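An overview of the molecular structure
Each chain is listed here by its residues.
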Amino acid sequence: MADVYDCTDDEQRAAGITAAAAALSRGELVLLPTDTVYGVAADAFTPEAVARLLAAKNRGRNMPVPVLIAEASTLAGLVTVVPPDAHALAREFWPGGLTLVLEHTPTLSWDLGESQGTVAVRLPDDDVTRELLRRTGPLAVSSANRSGRPAATSAAQADYQLGEHAAVVLDDGPREVGAPSTIVDCTGDHPGCCGSGPSRSTGSARSSPPSPTR
């Protein structure tokens, strides 16, 4: 059974983030909030942990796990190049519900699935998760639900679906967005949307990115 921490309480939040960072370093899974839905996280650089995440979700390697980062500056160390269009999108919509697909640096010791040399990266607009990411570095994170089931918008829903596979649950209250991020493929000559969802947190003054087909 996973240990649940109420992150609306400062002391529990601090303890929970410490416990989550320790669990991730051991290759265990953590359920956490994001600005869109609740996610299940693994150390991105521990292939066995990522395999455990995929198995928990009943998800195949043909659906590689995205990576969350704490700061935009981390992106350059994960990918071969950040095209100008990707830079512009990141400046406009990060932190927020925008995922960028780019060619990853081939020397990185990770295995996120059958990614064909690419990685999907996002900078979430969520204080709890970004605090954890600053402790751990990049994390492989997917929505906290079994494949084919609705995404979890609360810690209770995430725990119900995947709690038996996780060591720690960080509960920061319900998430109102309840939809995955917008995915933009930046590996070609021009970026193109390949998934739908919010590009920003509710209440942001920024507009959603258009479908950049040119």
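Here, the structure is the one placed above.
Residues numbered from 1 in each chain as written. Predicted model: local features only at pLDDT ≥ 70, side-chain atom pairs only at ≥ 80, totals over all residues. Heavy atoms only, no water.

Examining the overall build of the chain
Stated precisely, the cut-off is as follows: Put simply, DSSP marks the helices as runs of H or I at least four residues long and the strands as runs of E at least two long, and each gets a number from the N terminus on. All radius of gyration figures rest on C-alpha atoms, and the globule criterion is 2.2 Å times the number of residues raised to 0.38. Using a 1.4 Å probe on the protein chains alone, a residue whose accessible area is under 20% of its type maximum counts as buried, one over 50% counts as exposed, and one in between counts as partly exposed.
Looking only at helices and strands, the chain features five helices and ten strands. Computed over the C-alpha atoms, the radius of gyration of the chain is 16 Å, within 12% of the 17 Å expected from 2.2 N^0.38 for a compact globule of 214 residues. C-alpha extents for the chain along the principal axes are approximately 50 × 40 × 30 Å. Expressed as a percentage of the 214 residues in the chain, the buried residues total 50%.

With respect to the nonpolar core
Keep this limit in mind: The criterion is simple. A nonpolar core is a set of buried Ala, Val, Leu, Ile, Met, Phe, Trp, Tyr and Cys residues joined through side-chain atoms within 4.5 Å. Throughout, a residue-residue contact means that at least one pair of heavy atoms, one from each residue, lies within 4.5 Å.
In terms of nonpolar packing, the biggest core is built from 43 residues, with Leu31, Val67, Ile69, Leu75, Trp94, Leu100 and Trp110 touching the most fellow members. Those elements giving two or more residues to this core turn out to be strand E2 (29–32), strand E3 (39–43), helix H2 (47–57), helix H3 (84–93), strand E5 (98–103), strand E6 (118–122), helix H5 (155–162) and strand E8 (166–171). Counting residues per element, this core draws most heavily on H2, at five residues. In this structure Trp110 touches Ala44, Phe45, Val67, Leu78, His104 and Val119, once residues within four positions along its chain are discounted.

Notes on helix H1 (residues 10–25)
How we decide: To estimate the expected span of a helix, count its residues, drop one, and scale the result by 1.5 Å. Polar contacts, as used here, are pairs of N or O atoms within 3.5 Å; protein pairs need one atom able to donate a hydrogen and one able to accept it. Residues neighboring in sequence count only if both atoms are side-chain atoms.
Taking 1.5 Å of rise per residue, the 16 residues of H1 would be expected to cover 22 Å, and the 23 Å separating its terminal C-alpha atoms lies within 8% of that figure. Inspection of H1 places Gly16, Ile17, Ala19, Ala20, Ala21, Ala23 and Leu24 among the buried residues, and these make up the whole buried set. Next to the buried residues of H1 lie strand E1 (3–6), E2, E3, helix H4 (127–136), strand E7 (139–143) and E8. Sitting at the amino-terminal end of H1 is Asp9, which places a side-chain oxygen 3.2 Å from the backbone nitrogen of Glu11. Count one or two residues on from H1 and you reach Gly27, which has phi positive near 85 degrees.

Remarks on the side chain of His104
If you trace the backbone, His104 turns up in the loop between E5 and E6. Sequence-distant contacts of His104, that is, excluding residues within four places in its chain, are made with Leu78, Val79, Thr80, Trp110, Ser115, Gly117, Thr118 and Val119.

Re a negative patch on the surface
In plain terms, the rule: Exposure above 30% relative accessible area and the absence of a salt bridge qualify a residue for a patch, where like charges join within 9 Å and nonpolar side chains (Val, Leu, Ile, Met, Phe, Trp, Tyr) within 5 Å. Values of accessible area rely on a 1.4 Å probe in the Shrake-Rupley scheme; residue burial ignores everything except the protein chains shown. Only one rule defines a salt bridge in this text: a Lys or Arg side-chain nitrogen within 4 Å of an Asp or Glu carboxyl oxygen. Neither His nor the chain termini are counted; the positive set is Lys and Arg, and the negative set is Asp and Glu. All charge positions are set by atom: Lys at NZ, Arg at CZ, Asp at CG, Glu at CD.
Judged by side-chain charge, Asp6, Asp9, Asp10 and Glu11 come together as a negatively charged surface patch. Note that Glu11 resides in helix H1.

Some words on the pattern of salt bridges
All chains considered together, the criterion is met by eight salt bridges. Between Arg122 and Asp35 there is a salt bridge whose closest N-O contact spans 2.8 Å. Residue Arg122 is located in strand E6, and its partner Asp35 is located in the loop between E2 and E3; the two are separated by 87 residues in the primary sequence. A salt bridge links Asp111 to Arg61; the shortest N-O distance between them is 3.1 Å. Highlighted residues: Asp111 in the loop between E5 and E6 and Arg61 in the loop between H2 and strand E4 (67–68), separated in sequence by 50 residues. Taking the relative accessible area as the measure of exposure, Arg61 reaches 38% and is therefore partly exposed.

Side note on the pairing of E3
Here is the rule: A pair of strands is considered paired only if DSSP assigns at least 2 bridges between the two.
With respect to burial, E3 is a largely interior element, five of its five residues being buried. The alternating pattern of E3 places Gly39, Ala41 and Asp43 and Val40 and Ala42 on opposite faces, both of which are buried. Taken together, the three bridges between E2 and E3 define a ladder with antiparallel strand orientation. Looking at the pairing, Val30 lines up with Ala41 of E3. In this antiparallel pair of consecutive strands, E2 and E3, the connection spans six residues. The sheet contact formed by E3 and E7 spans five bridges and is antiparallel. When the bridges of E7 are listed, Gly39 appears paired with Ser143.

All quantities given are derived from atomic positions and should not be read as evidence of function.
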